[in-house]
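Descriptive structure summary
Residue-level listing of the chains:
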Amino acid sequence: MQVRGAAEHNLRNVDVDIPRDALVVFTGVSGSGKSSLAFGTLYAEAQRRYFESVAPYARRLLQQVGAPHVQEITGLPPAVALQQRRGAPSSRSTVGTITTLSNLVRMLYSRAGTYPPGAPQLPAEAFSPNTVAGACPRCHGLGEVHDVAEDLLVPDPSLSIRDGAIAAWPGAWQGANLRSVVAGLGIDIDRPWRRLRKKDRDWLLYTDEQPSVLVEPERDRIDYGYYGKFWSARKHVMHVLADSKSERMRERAMRFVRSVPCPECGGSGLRPEALAVTFAGRSIAELNGLSLAELVTVLRPVAELPPETHEVEVRICTDLVSRIEVLLDLGLGYLSLGRRSTTLSPGEAQRLRIATQLRSGLFGVVYVLDEPSAGLHPADAEPLLDVLDRLKASGNSLFVVEHDLDVVRRADWVVDIGPGAGEGGGRVLYSGPVAGLEEVADSVTSGYLFGRTEPVRSRGREPQGRLQLRGVTRHNLRDLDVDVPLCVLTAVTGVSGSGKSTLVSQVLAEDPAAQESFDRVVIVDQRPIGRTPRSNLATYTGMFDAVRKLFASTDEARARGYTAGRFSFNVPEGRCETCQGEGFVEVELMFLPGTYAPCPTCHGARYNAETLEVTYRGRTVADVLAMSVDEATELLADVPAAARSLATLQEVGLGYLRLGQPATELSGGEAQRIKLASELQRARRGHTLYLLDEPTAGLHPADIRLLLDQLHRLVDAGNTVVLVEHDLDTIASADWVIDLGPGGGDAGGRVVATGPPAEVARAAGSATAPYLAARLELTGHVSEPAPGG
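The notes below deal with the structure included here. Given the structure is predicted, the values throughout are model-derived calculations rather than measurements.

**Regarding the overall build of the protein chain**
Across its full length, the protein chain holds 30 helices and 25 strands. Based on the C-alpha atoms only, the size of the protein chain along its principal axes is roughly 90 × 90 × 70 Å. Looking at the protein chain alone, contacts between residues at least 24 apart form 67% of all its contacts between residues at least 6 apart. For the protein chain, the exposed surface amounts to about 35,400 Å²; the carbon and sulfur share of it is 50%. Looking at charge distribution, the protein chain has the averaged site of its 83 positive side-chain charges lying 5 Å from that of its 97 negative ones.

**Concerning the pattern of salt bridges**
Pairing between side chains becomes possible if they bear opposite charge and their charged atoms approach one another. If you walk through the whole model with that rule in mind, you get 34 salt bridges. One salt bridge in this structure joins aspartate 406 and arginine 409, with 2.9 Å as the shortest N-O distance. Taken together, the residues span about one helical turn, with aspartate 406 and arginine 409 both in helix H16 (residues 405-409) at a distance of 3 residues. On the accessibility criterion, arginine 409 (39% relative accessible area) is partly exposed. Between aspartate 545 and arginine 548 there is a salt bridge, with the nearest N and O atoms lying 3.0 Å from each other. In this pair, aspartate 545 and arginine 548 both sit in helix H21 (residues 543-552), 3 residues apart, roughly one turn of the helix. Exposure remark for arginine 548: the relative accessible area of 16% places this residue in the buried category. Salt bridges sharing common partners tie together Asp406, Arg409, Asp729 and Arg775.

**Brief notes about the environment of aspartate 386**
With respect to the element layout, aspartate 386 can be found in helix H15 (residues 378-393). Between the C-alpha atoms of aspartate 386 and leucine 330, which are 56 residues apart in sequence, the distance is 9.0 Å.

**Some thoughts on the nonpolar core**
Nonpolar side chains in soluble globular proteins tend to be buried together. If you look at the biggest cluster of nonpolar residues, it comprises 76 residues, and the most contacted ones within it are Leu636, Leu659, Leu711 and Val721. Looking at which element gives the most residues to this core, the answer is H21, with 7 residues. Aside from chain neighbours lying at most four places away, what touches valine 721 is Val488, Leu489, Thr490, Tyr690, Leu692, Leu711, Leu714 and Val715.

**A look at the packing of helix H4 (residues 101-112) against helix H13 (residues 311-329)**
Here H4 crosses H13 at 160°, and the two axes come no closer than 10 Å. Taken together, H4 and H13 sit at an angle that is classed as roughly antiparallel. Between H4 and H13 the crossing geometry is left-handed. Between H4, through Leu101, Leu104, Val105, Met107, Leu108, Arg111 and Ala112, and H13, the contact on the second element is made entirely by Val312, Glu313, Ile316, Cys317, Asp319, Leu320, Arg323, Ile324 and Leu327. Its residues placed into classes, the contact of H4 with H13 shows 12 nonpolar, no polar and 4 charged.

**Some words on unusual backbone geometry**
Cis geometry marks the peptide bond from glycine 418 to proline 419; its omega dihedral reads 0°. Within the secondary structure layout, proline 419 lies in the loop between strand E14 (413-418) and strand E15 (427-432). Of note in this structure, histidine 140 is not a glycine but carries a positive phi near 60°. Topologically, histidine 140 is positioned in the loop between H4 and strand E6 (144-148). Here histidine 140 falls in the exposed class, since its relative accessible area comes to 53%. Even without being a glycine, glutamine 580 presents a positive backbone phi close to 60°. Locating glutamine 580 in the fold gives a position in the loop between helix H22 (555-560) and strand E20 (584-589).

**A closer look at the packing of helix H12 (residues 292-303) against H13**
Look at H12 against H13: their axes get within 9 Å of each other, and the N-to-C directions meet at 150°. In terms of crossing hand, the pair formed by H12 and H13 is left-handed. Judged by residue contacts, Leu292, Ala293, Leu295, Val296, Leu299, Arg300, Val302 and Ala303 of H12 engage Glu313, Val314, Cys317, Thr318, Leu320, Val321, Ile324, Glu325, Leu327 and Leu328 from H13. When its residues are assigned to classes, the contact of H12 with H13 shows 14 nonpolar, 1 polar and 3 charged.

**Looking at H21**
Across the 10 residues that make up H21, a large majority, 8, are buried. Taken together, the buried positions of H21 are occupied by Met543, Phe544, Ala546, Val547, Arg548, Leu550, Phe551 and Ala552. Residues of H21 that are buried make contact with helix H20 (537-541), H22, helix H23 (621-626) and helix H25 (640-651).

**Digging into the layout of surface pockets**
In this structure, the second largest pocket spans a volume of roughly 1,100 Å³. Forming the boundary of the second largest pocket are 48 residues, of which Asp404, Leu405, Asp727, Asp729 and Arg775 lie nearest the centre. For the lining of the second largest pocket, the secondary structure elements donating two or more residues are H15, H16, helix H17 (444-449), helix H27 (701-716), helix H28 (728-733) and helix H30 (769-778). A total of 5 residues in the lining of the second largest pocket trace back to one element, the largest contributor, which is H30. Here the lining of the second largest pocket is built from residues that sort into 22 nonpolar, 10 polar and 16 charged.

**Topic: a negative patch on the surface**
Judged by side-chain charge, Glu423, Asp630, Glu631 and Glu634 come together as a negatively charged surface patch. One can find glutamate 634 in helix H24 (residues 629-635). Classification of glutamate 634 as exposed rests on a relative accessible area of 68%.

**Looking at the sheet that holds strand E2 (residues 14-17)**
With antiparallel pairing, the 3 strands of this open sheet are ordered in space as E2-E1-E4. The open sheet terminates on both sides in strands that have one partner only, identified here as E2 and strand E4 (72-74). The mean angle between the axes of side-by-side strands here comes to 5°, regardless of whether they run parallel or antiparallel. Both strand E1 (residues 2-6) and E4 contribute to a ladder of 3 bridges, which runs antiparallel. Bridge pairing links arginine 4 to glutamate 72 in E4.

**Things to note about the pairing of strand E16 (residues 466-474)**
Every regular strand shows the same layout, with side chains that alternate between the two sheet faces. The sheet contact formed by E16 and strand E17 (residues 477-485) spans 6 bridges and is antiparallel. Note that in E17 the partner of arginine 466 across the bridge is proline 485. In this structure, the hairpin formed by E16 and E17 is closed by a connection of 2 residues, where histidine 475 is found at a positive phi of approximately 50°.

**A closer look at the packing of aromatic side chains**
Each aromatic ring pair is specified by the distance between its two centres and by the angle formed by the two planes. Following the criterion strictly, the structure yields 11 aromatic pairs and no others. With a centroid separation of 5.6 Å and an interplanar angle of 40°, the aromatic rings of phenylalanine 551 and phenylalanine 567 are classed as tilted. In this pair, phenylalanine 551 sits in helix H21 while phenylalanine 567 sits in the loop between H22 and E20, placing the two residues 16 residues apart along the sequence. Judged by its relative accessible area of 0%, phenylalanine 567 is buried. An aromatic cluster of three or more residues is present, and its members are Phe551, Tyr562, Phe567 and Tyr616. When the ring centre of tyrosine 562 is taken as origin, the NZ or CZ atom of arginine 566, which lies over that ring, is 4.2 Å away. Of note, arginine 606 hangs over the ring of phenylalanine 569, and the distance from its end group to the ring centre comes to 4.1 Å.

**Some thoughts on the sheet that holds strand E22 (residues 688-693)**
Taken in spatial order, the 6 strands make up an open sheet running E19-E22-E23-E18-E24-E25, and their pairing is mixed. This sheet does not close on itself; its edge strands, each paired only once, are strand E19 (520-524) and strand E25 (750-755). The average undirected angle you get between the axes of adjacent strands in this sheet is 15°. Relative to E25, strand E24 (residues 736-741) runs antiparallel, the two being bridged by 5 bridges. Pairing of isoleucine 738 across the sheet is with threonine 754, part of E25. Packed onto the sheet, helix H18 (residues 500-510) meets strand E18 (489-493), E19, E22, strand E23 (720-724) and E24 and runs at close to 150° relative to E22. Sitting on the sheet, helix H26 (residues 668-680) is in contact with E19 and E22, with an inclination near 150° to E19.

The rules we used
- Residues numbered from 1 in each chain as written.
- Predicted model: local features only at pLDDT ≥ 70, side-chain atom pairs only at ≥ 80, totals over all residues.
- Heavy atoms only, no water.
- Helix = DSSP H or I, 4+ residues; strand = E, 2+ residues; numbered from the N terminus.
- Contact = heavy atoms within 4.5 Å.
- Areas by Shrake-Rupley, 256 points an atom, 1.4 Å probe, with all protein chains shown as cover.
- Lys, Arg positive; Asp, Glu negative; His and termini not counted.
- Charge placed at Lys NZ, Arg CZ, Asp CG, Glu CD.
- Salt bridge = Lys/Arg side-chain N within 4 Å of Asp/Glu carboxyl O.
- Buried < 20%, exposed > 50% of the residue type's maximum accessible area, 1.4 Å probe, protein only.
- Core = buried A, V, L, I, M, F, W, Y, C linked by side-chain atoms within 4.5 Å.
- Axes fitted to C-alpha atoms, helices over the stretch in contact; angles between N-to-C directions.
- Parallel < 35°, antiparallel > 145°, perpendicular 65-115°, else oblique.
- Left-handed = near helix turned anticlockwise from the far one by under 90°.
- Nonpolar A, V, L, I, M, F, W, Y, C, P; charged D, E, K, R; others polar.
- 1 Å grid on protein atoms, 1.4 Å probe; cavity = no way out; pocket = protein on both sides within 12 Å on 5 of 7 lines; lining within 4 Å.
- Points joined across faces, edges and corners; volume = space filled by probe spheres on them.
- Patch = residues over 30% accessible without salt bridge, like charges linked within 9 Å, V, L, I, M, F, W, Y side chains within 5 Å.
- Pairing = 2+ DSSP bridges.
- Phe/Tyr/Trp six-rings, centres within 6.5 Å; stacked < 30°, edge-to-face > 60°.
- Lys NZ or Arg CZ within 6 Å of the ring centre and 35° of its normal.

The values are spatial; any link to function lies outside them.
Written out as C-alpha cells, the structure is:
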C-alpha cells in the first residue's frame, strides 16, 4: 500500500509504504499523528472510495467521512474501523444488544419456541423490551420501577409524626396540615413512629385513599376550621415526581424512592405473553440470565440435531454457538446476555464490540483498530491478540494504533510517527520490521521499546495510616474487607471486571469514612469536559477568563468600551451572528446528508469583524484560541492566571492541544489529564484523596512518565492517590498495590493480594503477579518466583 503526500491534520506531506496481509502497528507519542494517518487518511480514503460506488440516494443514509488531504493512495483494500466509543451507555443497552446476539435469541423464541396451548405465534419484536410490542406496560421495558421504601420515608422511627417522622411529607403549612388531618383521623401524632400499630403505619405511608377531614381551629396556626385532604407519603412523592414543574421538589422526592425490580415482569421488561413462551424449558428472561458459558451448554445440543427435521432451531443455535465461542475465547464467559451495559468495565465493553466485528468472516479487508488493548489487563490482552492473529491468518490486514509495547512487539511492521506531538510531530520516523526501530535515534518509542529509557521507580513510601473499609457489597464486591493506605500512591489491579472501578470510582468516592478522613475527595475520570463544541480546553481550565480580561484591558478595547464579555464567543455582542459563535455552519445537500463547513462570514474565527479589530501583541482573540498550549505559553508568559494553567497542561503532556479545541474532539485520556491539570494549578489545601480510573489508557509510555511525575508530586505534597490501573510500569512505580480477582464478574470481587509491588508480584493465585514479576525483572527489580511455582 503506497501513501503519497498525506497532509491530514498535523501530517507533513507524508510518504509511506505499508505491507498488506500483516499486523501493522502505528506508534508515537499522544498527538503525534498516528490516528491522522491510520483513521484520518487510510480509513477515510477507503470509505470515500466505497461511498463513490453507492447510489446517491443510498449514500445519504450512510455516515460519511470527508475526503482526506492526500495526493495518492494505491493498493488500498476496503476498510472496517473499530474505534473506541465514548459517552454514557444507555440503560436499555445490554451485552445482548451490543453483540447483536439478542436479535438471534428473539428470532429463536419467535420461530422455535414452545407456546402455551392456543397462544398465537409472536413476532420477534414481541420478545424485546425495547419495542412497543414487547415492553411491559408497568415499567415500559426498563425492568425496574421507582418505588418508595419505608426506611427512606421514615429514616428515624423514634420520632413522632409531630416531630417529623414521615420525612417524605412536605414542610411548612402543607406538612402542618397533614399532621392536623392525621390527628383528626384519631391517630396519635405524639407517639413514636415505631410504637404505632403496623396497620396505621402502612396506611399512612401507602394508602391511595384521600379522605377529607374537618380540621378544627388551632391556636397560633389557623383561626377557622376547614376540610383538609389526606395524602399518604407514597402518593405525595409520586404526585411530585409526576406533576411537579419544580426541579428542586423533584430532586427532594427522589431521595425517598429506590429502583426495585418491576413486580409485573419480574425485572425482565417483557409482557406476560412473551414470558410464557419457552425454549429448552426456559423463558427468554431465564435464558438471558445464564452466563455465556452456561448458555452454550444449553444451545449446543440443539445445534447438533439433524438439520432436516429441526431446520430453524438448528440454524439459529449453530450461529449463536459460533458467535458466543468467540466471546468465550476472549475470556467473557462469565457475562450474561441480560447484563446491563452500564455495569460493564471499559475493557469488557471494548472486547464485546471487537468480538462482534471479528465474527463477520470478512477477508481481504483492512481492519483499522484504535488501541484495542486499552483498558485490558495483560491476561485479557493475550486472547485478544490471538483473535487478531486469527483474523490476519484469514487473509486480512490489521492496522492498529497502539501504545502497549507488548502489542508492538507482536507486530510484523511498525510505522513510528513523531518525534513530538502537534506541530512537533507529523513525520514518519520509521516504517519497517520492529527490530529496525532500535536504530532510530529520534524515536521516543524506540527508547522505551528496547529498554534504553529508565522507567519510573517506586518511591517505596510507607503508609501514614489506613482507611478501613469493611463489609463492602456492591456489584460483584461481596462483603469485602480492604485497607486503603494513606499518603501513598496505590494501584488497584486485577483482570477486567474484577471490581476495580466499583471499588475506586463508587465505594471510595461515596464512602462516608472517606469523606471524614480527607479534607477533599477529587474524582479525575475520563468523562468528557463538555458535551458541545462550545466547551473547550481554555474555557474548562478557566484560563479563557484571563485571556478575555487581557483583551479588554488593551487601549483599543477601552476606547471602544469593550468589556471582557465582548471577547466571549457565547455573547451576541462579540460573536459572529451567522454561525452564533460556533465557527461553522451546517450545509444542507440535496440527496446527501448534511455536512459542516467553515462559517462563510467569520471563516471559522467565531467572532464578528469589530471584535477581531482588537489585538494583543498583534494577535486577535481568535488567533489565541487557535494556538497550541506550547505556542500560547510564550505569548501569555506575563499573564499569571493563564501562565499557571498553561504550565500545568504542559506538565501532563498536553502542550500540543489547541486552546480552542472543542471538548467533543478530545479523547477520554486527554479529558482526564485536563481535569488533573486543573487540579494541579489550584492552591494546595489540606489532605486530598485523588481517585483516577485508568489514567494511562491511551497514553504513550513517554506521556505516562509525565503523568506519573505529577501524581507522585501530589503524594509528595501530603495527599493520597488511588488509581485503577493495568499498565505494568505504572503499577511497578506505585508504593502499594491492591490486587482484586481472581477472575471477572462473579469470579472476582475479592482481595487476592495487597502490599508493595515486589510483594504482590510473588502472590500465588494472582492473575497480575506473573506479569508484574516479569516487568520488575525486566526493569531491574528482580523478584523471587511465586510460592508453588
